[in-house]
Amino acid sequence: MLAKWTAFKNSWFLYRFLRDPVAVSCTVVLFVMVAAAFLAPVIAPHDVYDASNTDILDARTAPMWLEDGSSNFILGTDQQGRDLLSAMLYGMRTSIIIGLGATILQCVIGVVLGLTAGYAGGKTDAFLMRMADVQLSFSTLMVAIIISVLVDVLLGRHALALREQMAVPILVLVIGLAEWPQVARTVRASVLGEKKKEYVEAARVIGLPPLRIMFKHIMPNTLSPVLVIATVQVAGAIMSEAALSFLGLGMPVTRPSLGSLIKTGFEYIFSGAWWITAFPGITLVVLILVINLLGDWLRDFLNPKLYKKG
Amino acid sequence: MFAFFIRRAGQAALVMVVISLVCFAVQHKIGDPIRDLAGESVSEAERQLLREKLGLSDPLPKQYIRFVTNAARGDLGISYMFGKPALDVILQKFPATAELVFCAVIWVLVLSLPMGIYAAIRPKSVLTRIIMGVSIVGVSIPVFLIAIILIWIFSVYLGWLPSFGRGDTIVLPGGWTTGLATWDGIRHMVLPSISLASLTLPLFVRLIRSEMMEVLQSEFVKFAYAKGLPLWRIYLVHAFKNTLLPVITVGGVRIGTMLAFTILTETVFQWQGMGFIFLQAVERADTSLLVAYLVVVGLIFVGVNTVVDLVYGLVNPMVRVTGRK
């Protein structure tokens, strides 16, 4: 354990990381945001899930520093009288959970299908990659919208309560299913490179079953590009969640996510209550931006050929 | 080339079959036409009779074939929200969406070409750093948020531009409603088209820049320098012409993608286009309208992608053998 720590401390990765102010500050911001989101039940001034806690008379109170603000609500309240800061913390937690869940799901699907396509080749490969092409050409948002409409259809019009309860797993499923092709393509490309190498041949010669070769021998060597894509995909998934919630196909208004907060805020933007949209919006952009910048840094690090070129 | 054409056409047909299956599933599952048609007082026996009459008790493959034949004839059912054939409703809204995408594409081209070329020629200048910095921030702001910011600045705060609807429209001969013929219509177009363009613009700037930088490294550009050609000629005629090919292919596909994002833009701006109607159809479970939208958008996507592939195949013979990367 200690040896591992020293190895990490002396590693090239850490050296380069600490000398890049952008990467370090992004990590710090991301860490603070994630910590704040997951500590929401502890640090949030109000519990937004508890309806007895909110008073409709407080609705649309301005942020504290404005004239009609109240010191009780630092960033003001939304249209239901919920404390906006607390709603944002809880909402950020929901958004991050969905983003991570969807990314894990798409990585699992993408790695399995990409490995299969690359290793099996032939018809399986052509079929899977054609499917990925079609999904990509439709754009992930369109596919996500269509899948969530299909989910609504399957659950039926009368299962609204169930739909609201299951909103998080449904969104994870929808976004995961919509975004797997990028992962699958990357994995397939690395598998095609690995397949010809001698260790795979050796494994085949000693008669190991294909599944074992695929998952035990080839897979570990295909994972570093997946790591880069996965970082950026978390940002993409959080964005998709916000877009779907904004369209009313994602999180219900009663359970805040960054997207659903922006959606409700937008209805009040003309009456001057700009803060309901502005603060969740800024949070969303900062969250996505730091993840994207970290993803870029990671790509440059793992792919030195591209370093300082793009 | 002919074999390539046939293969692409076959793939396009296959995609349409998948789309039709999805549509059939949607129609079959949410739409219980009997519930829509018959009132409360209709007895179970009568419902059964109606079901037989409409062919809803037939085996699924038979129903699917009937669905496809009807769809091929342009009959996708009646939208109960509008009381009109669903396909007519969608096609009537098509010009609004098409004009929105068209204007967004113009924004993208007008802005990304000079910015991308400049960023490639002067990679170290301050302006390039600003362009690249803004483009990474731009990628991180969701389309609907840019739309909201624009509305807040230009409609609520400054009061310069309208924030919803299409404004005055004129019906052209042939039934195409255009918002681009009147000043009011153009004013209404500004904010929606910018927010739709904001999605693709940063990607285009980056794409043009990286392709152009690669070309600038190549031998023939060095040779052009050595020949002492004027710089603008090297940049525009020699280098830029060779970056166009990847830009066109990616661009073609992105236009398809923009269609998906019209759903977001149209929702924010209450733009009476296909995406706006689609979302309303989702909310009110208007099955026929949903299906009509999916079919029309599916056709557009498949059409755009096939044309892009064919053009690419025409220009770059290598693709015909190995398939597009």
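Residues numbered from 1 in each chain as written. Chains lettered and ligands numbered in written order. Predicted model: local features only at pLDDT ≥ 70, side-chain atom pairs only at ≥ 80, totals over all residues. Heavy atoms only, no water.

A. Layout of the domain arrangement of chain B. Residues and elements named next belong to chain B. Taken as a whole, chain B is organised into domain 1 (22-84) and domain 2 (85-324). For domain 1 and domain 2, the distance between their C-alpha centres works out to 38 Å. Contact with domain 1, which involves 15 residues of that partner, is made by 19 residues of domain 2. Taken together, the two surfaces of domain 1 and domain 2 that pack against each other cover about 1600 Å², and 73% of this comes from carbon and sulfur. If you sort the residues of domain 1 by the area they bury against domain 2, Leu76, Met81 and Lys84 come out on top, with a joint share of 37%. Where domain 1 touches domain 2, the interface holds zero salt bridges. If you look at where domain 1 meets domain 2, you find two residue pairs in polar contact (both at pLDDT 80 or more). For the side of domain 1 that touches domain 2, the elements supplying multiple residues, two or more each, are helix 1 (2-29) and strand 1 (78-79). Here the element with the most residues in the side of domain 1 that touches domain 2 is helix 1; it accounts for three residues. Looking at the side of domain 1 that touches domain 2, its residues break down into nine nonpolar, five polar and one charged. (Domains from an automatic or database assignment. Contact = heavy atoms within 4.5 Å. Buried area = accessible area lost by both parts, 1.4 Å probe. Salt bridge = Lys/Arg side-chain N within 4 Å of Asp/Glu carboxyl O. Polar contact = N/O pair within 3.5 Å; in protein donor to acceptor, adjacent residues only side chain to side chain. Helix = DSSP H or I, 4+ residues; strand = E, 2+ residues; numbered from the N terminus. Nonpolar A, V, L, I, M, F, W, Y, C, P; charged D, E, K, R; others polar.)

B. A look at the environment of Leu216 of chain B. Residue and element names in this part refer to chain B. Structurally, Leu216 can be placed in helix 8 (residues 183-216). It is 9.8 Å that separates the C-alpha atoms of Leu216 and Asn242, two residues lying 26 residues apart in sequence. With residues up to four places along the chain from it excluded, the contact list for Leu216 reads Ala120, Ile121, Val221, Tyr225, Tyr235 and Ala239.

C. Up close: the interface of chain B and chain A. If you look at the interface, chain B gives 44 residues, while chain A gives 37 residues. Contact with chain A buries surface across chain B, with Ser140, Phe144 and Ile148 of chain B losing the most and accounting together for 14% of the total. Across the chain B-chain A interface, the total number found is zero salt bridges. Joining chain B to chain A, the criterion identifies two residue pairs in polar contact (both at pLDDT 80 or more). Elements with a minimum of two residues in the side of chain B that touches chain A: helix 1, helix 6 (126-140), helix 7 (143-157), helix 8, helix 10 (231-268), helix 11 (274-283) and helix 12 (287-315) of chain B. The residue inventory of the side of chain B that touches chain A, partitioned by class, reads 31 nonpolar, seven polar and six charged.

D. Up close: the packing of helix 3 (residues 21-38) of chain A against helix 5 (residues 84-120) of chain A. Residues and elements named next belong to chain A. At their nearest, the axes of helix 3 and helix 5 sit 7 Å apart, and the two run at 110 degrees to each other. By the angle class used here, helix 3 and helix 5 are roughly perpendicular. Contacts from Met33, Val34, Ala36, Ala37 and Phe38 in helix 3 reach Leu89, Met92, Arg93, Ile96 and Ile97 in helix 5. The residue makeup of the contact of helix 3 with helix 5, split by class, is nine nonpolar, no polar and one charged. (Axes fitted to C-alpha atoms, helices over the stretch in contact; angles between N-to-C directions. Parallel < 35°, antiparallel > 145°, perpendicular 65-115°, else oblique.)

E. The confidence of the model for chain A, seen in detail. All names here are of chain A. In the predicted model, chain A carries a mean pLDDT of 81, and 87% of its residues have values of at least 70. Helix 8 (residues 160-165) is the least confidently modelled element of chain A, averaging 74 in pLDDT, while helix 5 averages 90, the highest of any element. Scored below 50 in pLDDT, residues 306-310 makes six contacts in the model with residues more than four places away or belonging to other chains. (pLDDT = per-residue confidence, 0-100.)

F. Structural context of a nonpolar patch on the surface. Residue and element names in this part refer to chain A. Together, Leu100, Ile104, Val108, Val112, Leu211 and Phe215 line one region of the surface with nonpolar side chains, adding up to about 520 Å² of accessible area. In terms of residues, the nonpolar patch owes the most to one element, helix 5, which gives four residues. Within the element layout of this structure, Val112 appears in helix 5. (Patch = residues over 30% accessible without salt bridge, like charges linked within 9 Å, V, L, I, M, F, W, Y side chains within 5 Å. Areas by Shrake-Rupley, 256 points an atom, 1.4 Å probe, with all protein chains shown as cover.)

G. Inspection of helix 13 (residues 258-266) of chain A at higher detail. Burial within helix 13 of chain A is extensive, with eight of its nine residues counted as buried. Taken together, the buried positions of helix 13 of chain A are Leu258, Gly259, Ser260, Leu261, Ile262, Thr264, Gly265 and Phe266 of chain A. (Buried < 20%, exposed > 50% of the residue type's maximum accessible area, 1.4 Å probe, protein only.)

H. Broad picture of the confidence of the model for chain B. Residue and element names in this part refer to chain B. For chain B, the average pLDDT comes to 80, and 91% of its residues sit at 70 or higher. Per-element averaging of pLDDT across chain B places helix 2 (residues 33-37) at the bottom with 58 and helix 5 (residues 86-121) at the top with 88. Two numbers describe this predicted complex: its pTM, 0.83, and its ipTM, 0.79.

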